[in-house]
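The residues making up each chain are set out below.
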Amino acid sequence: MFNQVKTIIFVSLASIVNLCFCANIEHPLRLSLTISSKLHHLEISWFSVKPTEGVILITNDEPSGPYHKYSVPAYNDDHFYASTTEKPDTESTSTTHYDQPYADSVEVFESRMAETDSIWTYGPSNKTAQYWLEPKEPSGWVTTNILFDVELSKQISIRTKCYGYWAVYLNGNGEVKATACVSAHPTWMNDMKSHIGRFKFRDLFLAGTHDSGSYRDGFNPRRNETLVTKYALTQDDDIYTQLMHGVRYLDIRIGYYRASHPVFWVNHGITKQQSLAKVLRQVKDFVLETNEIVIFDVQEWPVGFGKKLDIHRNLVHYIQTEIGDLLVDPNLTWDANLDDIWKTKRNVILGYDHIAMVHEFPSYLWHSVQQRWGNVQSLTDLKRYLSPSSRGFLLFSSRPVADMAELTPNTWDVLTDRFGGLRRMADQANRHISRWYIEEWGSMTNIVAVDFIRGTNLMETALYWNGKKDILSPKR
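Before going into details, it helps to say that this report is about the structure given with it. (Residues numbered from 1 in each chain as written. Predicted model: local features only at pLDDT ≥ 70, side-chain atom pairs only at ≥ 80, totals over all residues. Heavy atoms only, no water.)

Before going further, it helps to spend a moment on the overall build of the protein. Of the regular secondary structure elements, the protein holds 15 helices and 21 strands. For the protein, with 476 residues in total, the buried portion stands at 56%. Expressed as a percentage of contacts within the protein between residues at least 6 apart in sequence, the contacts between residues at least 24 apart total 75%. Counting every atom, the protein has about 20,600 Å² of accessible surface; 53% of that belongs to carbon and sulfur. (Helix = DSSP H or I, 4+ residues; strand = E, 2+ residues; numbered from the N terminus. Buried < 20%, exposed > 50% of the residue type's maximum accessible area, 1.4 Å probe, protein only. Contact = heavy atoms within 4.5 Å. Areas by Shrake-Rupley, 256 points an atom, 1.4 Å probe, with all protein chains shown as cover.)

This is the structure:
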């Protein structure tokens, strides 16, 4: 009992200190490149810039100086889009200025490039920037007309840092003040090992995916979207690619289909998505290649399990057979730090949200991550629910806590296609979710799991806040 009291007091003090940290941290100028969910267009966001005093350039290779601006003859929209990418439809370009109140389902669409009669060049050979804009507000988010080739994401390796596109912010004097790229983070934990090894999972900021296994290989929402896929798919990348881009929390739902082969599948509700064997193989390949630590959190069993425990036992035995040599011993408990886990030479924490099974298999199953799921349909309600002020005693939990930061349609919303699908809902929400955690809530947050994570800057946010926690938390 005394140890429990000490833990609560320690965590309470840590939470208070984190609040102080958040209040005193000056957020630096930053850029982010993300990918829209609905149409896979490149997005650029910026934070803490001096409005009207600089320019943002997007390039398709790593930019370098000198940078020059040139006037060119005026052209119409048709000519511009025919000569660059493609003319967008009414949803391909959008702008959000964060100083303006957001609406739940309203976007302001505009073509930022077509209104200019200038171009920017970079480098010794004067290459032309793919896109440029002059920020009018300190912070904002623009969906460009550049169509991102998602197949590029499957070509990355353990050595990949940047690929596809880069962004640079030049101040009024032409000086580079911030850069960004479409980035992968395959080994970020090991890269930060000397800084975060002393932390527990509960102390870190982790990027996660909601319904991690709900994707289709090679799926193109511009051509293949149906009413079913609109509300069944929640990610664009397979599990291996999610992990290569920095995700370390996987939210898993498993269905059992007695008449099929194989019998275990990763589901989204009642919809069958990926075979569990395929998902486990991708997790295994990733951790063996990178030595990163992954939380594989089994949260629901929506099909075929019933009330008896026999199928649960079969499932646990199956997972043990497939990746048993990688499973971290739960006897370490969530109080173990990352260094403790790395010493075991095992890298997968198998969470299981079924207390009877956790007790039956104490050498394999961990108490699951606690999920905060608002089940709301508006940004206003989502922000209210996720706000740190609403967390209560979860602030003092020793188990990791995941903010499930996505809008959730109800049954009638799906049947009437009220919101136009999960991709459109994610495009409306992710830009705001990204800002909440980078500017307001990051120091008090543990895990954030979202739909279509490539439309957020959560991985960059994780690196930022984990670095801050190392600096600001006292070393023992």
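Here we take up empty space enclosed by the protein. On inspection of all chains with the given rule, the structure shows seven cavities of 30 Å³ or more. If you add up the space inside the largest cavity, you get close to 200 Å³. For the largest cavity, the lining is made up of 18 residues, of which Ser-183, Arg-454, Thr-456, Met-459 and Glu-460 are closest to its centre. For the lining of the largest cavity, the secondary structure elements donating two or more residues are strand E1 (30-35), strand E11 (176-183) and helix H15 (458-472). Broken down by element, the residue count for the lining of the largest cavity peaks at four residues, all from E1. When the residues that make up the lining of the largest cavity are grouped by side-chain class, the tally is nine nonpolar, seven polar and two charged. (1 Å grid on protein atoms, 1.4 Å probe; cavity = no way out; pocket = protein on both sides within 12 Å on 5 of 7 lines; lining within 4 Å. Points joined across faces, edges and corners; volume = space filled by probe spheres on them. Nonpolar A, V, L, I, M, F, W, Y, C, P; charged D, E, K, R; others polar.)

Pairing is antiparallel in the open sheet, where three strands are placed in the order E4-E6-E7. Each edge of the open sheet is held by one strand with a lone partner, namely strand E4 (67-71) and strand E7 (127-128). (Pairing = 2+ DSSP bridges.)

Okay, the packing of aromatic side chains next. Under the criterion given, the structure shown has 14 aromatic pairs. Ring centres of Phe-205 and Tyr-437 lie 6.3 Å apart, and the angle between their planes is 80°; on these two criteria the pair is classed as edge-to-face. Residue Phe-205 is located in the loop between helix H4 (193-196) and strand E12 (206-209), and its partner Tyr-437 is located in helix H14 (residues 422-441); the two are separated by 232 residues in the primary sequence. Per residue, the accessibility class of Phe-205 equals that of Tyr-437, and both read buried. Between Phe-264 and Tyr-318, the aromatic rings sit 5.9 Å apart at their centres with planes inclined by 35°, giving tilted as the arrangement. One end of the pair, Phe-264, is in strand E14 (residues 264-268); the other, Tyr-318, is in helix H9 (residues 310-323), with 54 residues separating them in the sequence. (Phe/Tyr/Trp six-rings, centres within 6.5 Å; stacked < 30°, edge-to-face > 60°.)

Moving on, we get to the layout of surface pockets. What the second largest pocket holds in volume is close to 350 Å³. Lining the second largest pocket are 18 residues; nearest its centre among them are Tyr-231, His-268, Trp-373, Thr-408 and Pro-409. Of all the elements, helix H13 (residues 411-415) adds the most residues to the lining of the second largest pocket, at three residues. Of the residues in the lining of the second largest pocket, the class split is seven nonpolar, six polar and five charged.

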